[in-house]
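What the coordinates show
Given next are the chains, with one letter for each unit.
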Amino acid sequence: MIFIVVKFKVKPEWSERWPALVADFTEATRKEPGNLWFDWSRSLDDPNEYVLVEAFKDDAAGDHVNSDHFKKAMADMPQALAETPRIVSRQLDGDGWDRMGELTIE
């Protein structure tokens, strides 16, 4: 799978509106056949930072970045961003989340 984490530093005036700005993009991406997950979180330390954790089947990432909703999001997002997003994108073995061995809840 392709595992991606992106940190988005938004302008303070957009910090509460960011989820609405990316709502259509999020919904469309989650419906893509090769999407495994597409989850947003907000930093506990910085209210102006959102973190996107996403994963795709190996052959699906290309379709994602070439989709109309991706292109629209790339055009819509800059107005709300304070800086260029930071990204980690890696190909990993597996197709989902593993259970944490150090902390098992029975």
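Residues numbered from 1 in each chain as written. Predicted model: local features only at pLDDT ≥ 70, side-chain atom pairs only at ≥ 80, totals over all residues. Heavy atoms only, no water.

Observations regarding the overall build of the protein chain
Formally: Helix numbering and strand numbering both begin at the N terminus, where a helix is a DSSP run of H or I of at least 4 residues and a strand a DSSP run of E of at least 2. Should any heavy atoms of two residues lie within 4.5 Å, those residues are counted as being in contact. Here the positive residues are Lys and Arg and the negative ones are Asp and Glu; neither His nor the chain ends is included. To locate a charge, the coordinates of NZ of Lys, CZ of Arg, CG of Asp or CD of Glu are taken.
Scanning the protein chain for helices and strands turns up four helices and four strands. Projecting the C-alpha coordinates of the protein chain onto the three principal axes gives extents of approximately 40 × 35 × 20 Å. Partitioning the contacts of the protein chain with sequence separation of at least 6, the portion at a separation of at least 24 is 73%. Each charge sign in the protein chain was given a centre, from 13 positive and 21 negative side chains, and these centres are 5 Å apart.

Concerning the UniProt feature "domain: ABM" (unreviewed entry) in the protein chain
Worth spelling out the cut-off: UniProt positions are given in the numbering used here, feature names are shortened, and annotations may be inferred rather than shown by experiment.
In the numbering used here, UniProt assigns the feature "domain: ABM" (unreviewed entry) to residues 1-75. Helix makes up 33% of residues 1-75 and strand 32%, with an end-to-end C-alpha separation of 27 Å.

Some details on helix H2 (residues 23-30)
The condition is simple: With a 1.4 Å probe rolled over the protein chains alone, any residue whose accessible area is under 20% of its type maximum counts as buried; one over 50% counts as exposed, and the rest are partly exposed. The arc under discussion is defined with respect to the helix axis, by the directions toward the C-beta atoms.
Among the residues of H2, those classed as buried are Phe25, Thr26 and Thr29. The arc enclosing the buried residues of H2, seen along the axis, measures out at 100 degrees, which places them on a common side. Residues of H2 that are buried make contact with strand E2 (35-42), strand E3 (49-56), helix H3 (61-65) and helix H4 (68-76).

Here's the deal with a negative patch on the surface
Here is the rule we go by: Exposure above 30% relative accessible area and no salt bridge define the residues that can form patches, which grow by joining like charges within 9 Å and nonpolar side chains of Val, Leu, Ile, Met, Phe, Trp and Tyr within 5 Å. Here the accessible surface of atoms and residues is derived via Shrake-Rupley with a 1.4 Å probe, and residues count as covered only by protein chains that are part of the display. Any Lys or Arg side-chain nitrogen located within 4 Å of an Asp or Glu carboxyl oxygen qualifies as a salt bridge.
Residues Asp58, Asp59, Asp63 and Asp93 make up a contiguous surface patch of negative charge. By secondary structure assignment, the location of aspartate 59 is in the loop between E3 and H3.

What about the sheet that holds strand E1 (residues 2-9)?
For clarity, the cut-off: Between any two strands, pairing holds if DSSP finds at least two bridges. Convention adopted: a line fitted to C-alpha atoms gives each axis, helices being fitted over their contacting stretch, and angles between N-to-C directions are expressed from 0 to 180 degrees.
Here we have four strands laid out as an open sheet, ordered E2-E3-E1-E4, and antiparallel in their pairing. One side of each edge strand has no neighbouring strand; the edge strands of this open sheet are E2 and strand E4 (86-91). Pairs of neighbouring strands in the sheet enclose a mean axial angle of 10 degrees, with direction left out of account. Inspection of the sheet shows E1 paired to E3 by eight bridges, in the antiparallel sense.

A few points about the packing of aromatic side chains
We count it as follows: Working definition: rings of Phe, Tyr and Trp (its six-membered ring) pair if their centres are within 6.5 Å, and the pair is stacked with planes under 30 degrees apart, edge-to-face with planes over 60 apart, and tilted otherwise. We call a charge positioned above a ring when the Lys NZ or Arg CZ atom is no farther than 6 Å from the ring centre and deviates by at most 35 degrees from the ring normal.
Scanning the entire structure with this criterion turns up ten aromatic pairs. For the ring pair phenylalanine 8 and tryptophan 18, a centre distance of 5.4 Å and an interplane angle of 40 degrees mean the geometry is tilted. Here phenylalanine 8, found in strand E1, pairs with tryptophan 18, found in helix H1 (residues 18-21); they are ten residues apart in sequence, far enough to count as distant. Through a chain of ring-to-ring contacts, three or more aromatic side chains come together here, namely Phe8, Trp18, Phe25, Phe38, Trp40, Tyr50 and Phe70. Across from the ring centre of tryptophan 14, 3.9 Å away, lies the NZ or CZ of arginine 17, which sits over that ring.

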